[in-house]
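Spelled out, the chains give:
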Amino acid sequence: MHDLLLTGGRVYVDGRFEDINIVIDGETITAFTRETKEAKKKLDCHGLMILPGLIDPHVHMELDLGFATSCDDFYKGSVAAVRGGVTTLIDFLAPIENETEITAAFDSRLNLAKECVTDYAMHATLGNFKGDVVRLIESVKQLGMNSVKVFTTYSESNRMVSDQVLTQLLDQEIVTMVHAEDDRLVDSEWQEIATYESSRPLDAELSALKNLLLKQGRGTLYVVHVSSGSGVKLLAGRDRVVIESCPHYFYLTKDSFKGEYGGLYLLAPPLRNNAEREKLNKAIENVYTIGTDHCPFTKSEKLETRSAKSIPKGIGSIQYSFLLMYDRFGEQVIEKMSRHVAEVFRLKGKGKLAEGCDADLFLFDPLGETLVESDVETEDYSVYEGMKLKGRIVSTMLRGKFVMEAGKIAETSGRYIRSECDEGACSSTIL
Ligand SMILES: [Zn+2]
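Residues numbered from 1 in each chain as written. Predicted model: local features only at pLDDT ≥ 70, side-chain atom pairs only at ≥ 80, totals over all residues. Heavy atoms only, no water.

Each helix and strand counted, the protein has 12 helices and 19 strands in total. Along the first, second and third principal axes, the C-alpha atoms of the protein reach 65 × 50 × 40 Å. Here the protein holds 431 residues, and the buried ones make up 59% of them. Put simply, 73% of the contacts in the protein that link residues at least 6 apart link residues at least 24 apart. Carbon and sulfur atoms make up 46% of the accessible area of the protein, which amounts to about 16700 Å² in all. Charge separation in the protein, taken as the distance between the mean sites of 50 positive and 66 negative side-chain charges, equals 3 Å. (Helix = DSSP H or I, 4+ residues; strand = E, 2+ residues; numbered from the N terminus. Buried < 20%, exposed > 50% of the residue type's maximum accessible area, 1.4 Å probe, protein only. Contact = heavy atoms within 4.5 Å. Areas by Shrake-Rupley, 256 points an atom, 1.4 Å probe, with all protein chains shown as cover. Lys, Arg positive; Asp, Glu negative; His and termini not counted. Charge placed at Lys NZ, Arg CZ, Asp CG, Glu CD.)

Printed below as a string of structure tokens:
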């Protein structure tokens with residue numbers, strides 16, 4: 001007798017849809033079958049797609065900027081995530097300047113993440129690092145991470161990585177995640193909201209990317225939130241270079257910064273012009289992962305000041321990330337938001353529907369429609385408000401249990417997922 005049988009759905013396995021049933025025992029997918037098996041519970045999924053639980057590689061819950069804190073804590077943010085089909089989040093440790101600080105940074109972030117209703121993993125983050133890179137990487141791996149994030153900008157808040165540390169990192173067998181903007185071309189004192197994009201121009205991104213390619217070593221270079229089509233073109237087709245972009249760069253342009261509510265859209269890197277946005281849309285095939293950079297602030301926090309410099313940068317809408325991407329690009333976005341992320345960050349048992357993998361999945365009605373509303377549980381606005389998107393996320397399952405079922409959130413708690421991989425355990429077999 002099995003625990004659960006999902007029947008009648010169109011199941012996304014190995015990059016295609018199969019009309020098969022999924023057998024789940026405990027937290028794990030134990031079989032795919034075309035027969036009816038005995039199970040304690042059966043769920044009819046006719047008319048629905050069954051998709052792998054999404055992994056958002058880039059979120060900032062309860063991010064303390066010093067003068068403001070992003071308004072989604074791990075609980076609220078992860079509730080929004082499961083409404084969007086996301087079952088694993090990857091957040092960031094606070095920036096450190098020496099490897100001796102990493103355990104404290106890890107412990108304090110993990111303590112906040114206990115509230116998460118999804119599973120979660122972490123990236124280490126460096127500020128103006130002055131320690132020992134090799135020892136740092138050892139500690140990072142011991143703590144179950146395979147990624148380190150650095151900034152090539154934010155010198156004003158002492159978060160910029162030195163050229164020397166960056167070069168050393170890129171030569172380590174690890175994923176070096178880079179926020180790529182050339183600090184020399186960024187004006188962090190910029191006040192005017194309408195013209196905010198000029199303070200962090202496209203050239204700053206492109207210059208930083210060119211510099212990174214010159215420094216590339218033996219490791220994997222993962223460029224976070226590439227904001228432009230030109231940026232993607234520059235990086236495309238290179239070995240061990242992973243390109244991440246975010247839904248907002250596909251949808252919005254710098255024109256949003258104009259007018260009374262321009263402050264609501266402020267984030268870094270900024271939204272670009274329409275030509276760059278269109279070029280990015282055409283280059284979707286070269287974008288390997290989609291992260292949201294989920295970092296919401298409330299409407300009042302965003303509109304409180306009329307100075308671009310003082311507005312906390314970041315936006316939310318994690319619950320709409322899949323719908324936004326699916327509406328525009330269809331099925332090709334599924335793996336960019338699941339398997340690709342699991343592979344890059346070596347999250348075993350995550351990111352695909354396969355025998356032996358965690359039963360992380362969501363039920364998706366492709367014929368449904370979703371109206372983007374202001375996000376009630378999280379920030380009180382959405383930059384996509386009023387948009388009608390194709391499809392509807394019906395329910396989301398984390399390790400064999402529904403964490404969101406027809407809109408209702410269950411009392412569950414997520415788990416820290418260590419980065420490791422044992423390929424053999426995740427092969428899929430159709431019986
Ligand atoms: Zn970010």
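Resuming the write-up.
With that out of the way, let us pick up the nonpolar core. Generally speaking, soluble globular proteins have nonpolar side chains that are buried together. Core analysis: the biggest nonpolar cluster contains 102 residues, and M145 and F322 have the highest contact counts within it. With 6 residues, helix 10 (residues 321-329) is the largest single contributor of residues to this core. Viewed by domain, this core spans two of them, domain 1 (2-51 + 352-365 + 391-426) and domain 2 (53-344), each represented by three or more residues. F322 has contacts with L51, L54, G84, V333, I334, M337, F362, F364 and I393, leaving out every residue within four places of it along the chain. (Core = buried A, V, L, I, M, F, W, Y, C linked by side-chain atoms within 4.5 Å. Domains from an automatic or database assignment.)

Across the sheet, which stays open at both edges, the 4 strands sit in the order 5-4-1-6 with mixed pairing between neighbours. Strands with a single pairing partner mark the edges of an open sheet, and in this sheet they are strand 5 (28-33) and strand 6 (39-44). Across the sheet, the axes of successive neighbouring strands diverge by a mean angle of 20 degrees, strand direction being ignored. Two strands pair when backbone bridges link them, and strand 1 (residues 2-7) and strand 6 are joined in this way by 5 bridges, in the parallel orientation. If you follow L4 over to strand 6, its bridge partner there is K41. (Pairing = 2+ DSSP bridges. Axes fitted to C-alpha atoms, helices over the stretch in contact; angles between N-to-C directions.)

A few words on the pattern of salt bridges. Applying the stated rule across the entire model yields 24 salt bridges. Between E27 and R399 there is a salt bridge, and its shortest N-O distance comes to 3.0 Å. Linking E27 in the loop between strand 4 (21-25) and strand 5 with R399 in the loop between strand 17 (388-398) and strand 18 (401-405), this pair joins segments that are 372 residues apart in sequence. Under the relative-accessibility criterion, E27 is labelled partly exposed at 31%. Overall, R399 belongs to the buried group, its relative accessible area being 8%. The closest approach of N and O atoms between R109 and D91, which form a salt bridge, is 2.8 Å. With R109 in helix 2 (residues 102-113) and D91 in strand 9 (residues 86-92), this residue pair connects regions lying 18 residues apart in the sequence. Across the pair, exposure class does not vary: R109 and D91 are buried alike. (Salt bridge = Lys/Arg side-chain N within 4 Å of Asp/Glu carboxyl O.)

What follows is about the coordination of the zinc ion. On the protein side, the zinc ion has H58 (NE2), H60 (NE2) and D293 (OD) as donor atoms, found 2.0 to 2.3 Å from it. Sequence positions of the residues that donate to the zinc ion give the spacing H-x1-H-x232-D. Looking at H58, the relative accessible area reads 0%, which means it is buried. (Donors = N, O, S within 2.8 Å, 3.2 Å for Na, K, Ca; no water.)

Structurally, Q332 can be placed in the loop between helix 10 and helix 11 (333-336). Taking the C-alpha atoms as reference points, Q332 and S78, separated by 254 residues in sequence, lie 24 Å from one another. Each residue touching Q332, except ones within four places of it in the same chain, is listed here: I284 and E285.

That bond from A268 to P269 is cis: its omega, -5 degrees, falls within 30 degrees of zero. The backbone of D14 shows a phi angle near 50 degrees, a positive value even though the residue is not glycine. For D14, the position within the fold is in the loop between strand 2 (10-13) and strand 3 (16-18). Phi at R240 is positive, roughly 55 degrees, even though this residue is not glycine. Among the secondary structure elements, R240 is positioned in the loop between helix 6 (229-235) and strand 14 (241-245).

Of all residues in the protein, 96% attain a pLDDT of 70 or more, and the chain-wide mean is 94. Low pLDDT, under 50, characterises residues 421-431; the stretch is placed with 29 contacts to residues that sit more than four places away or in other chains. (pLDDT = per-residue confidence, 0-100.)

In this section: the sheet that holds strand 13 (residues 220-223). As summarised here, the arrangement of the 8 strands in space is 8-9-10-11-12-13-14-15, forming an open sheet in which the pairing is parallel. Each edge of the open sheet carries a strand with a single partner, namely strand 8 (54-56) and strand 15 (289-290). Taken together, the 5 bridges between strand 9 and strand 10 (residues 119-125) define a ladder with parallel strand orientation. In the sheet register, F92 faces strand 10, and the bridge partner there is H123. Relative to the sheet, helix 1 (residues 74-83) contacts strand 9 and strand 10, its axis offset from that of strand 9 by approximately 140 degrees.

A word on the domain arrangement of the protein. You can read the domains of the protein as domain 1 (2-51 + 352-365 + 391-426) and domain 2 (53-344). Between the C-alpha centres of domain 1 and domain 2 there is a distance of 29 Å. At the interface, 30 residues of domain 1 touch 33 residues of domain 2. Buried surface at the junction of domain 1 and domain 2, summed over both partners, amounts to about 2500 Å²; 60% is from carbon and sulfur atoms. Summed over the three residues of domain 1 that lose the most area to domain 2, namely I393, I409 and Y416, the buried surface amounts to 24% of that side. For D119, the salt bridge is made with R399, and the minimal N-O distance between the two is 2.7 Å. Scanning the region where domain 1 abuts domain 2 turns up 13 residue pairs in polar contact (both at pLDDT 80 or more). Elements supplying a minimum of two residues to the side of domain 1 that touches domain 2: strand 7 (49-52), strand 16 (361-371), strand 17 and strand 18. Considering each element in turn, the side of domain 1 that touches domain 2 owes the most residues, 6 residues, to strand 17. Among the residues making up the side of domain 1 that touches domain 2, the classes are represented as 15 nonpolar, 8 polar and 7 charged. (Buried area = accessible area lost by both parts, 1.4 Å probe. Polar contact = N/O pair within 3.5 Å; in protein donor to acceptor, adjacent residues only side chain to side chain. Nonpolar A, V, L, I, M, F, W, Y, C, P; charged D, E, K, R; others polar.)

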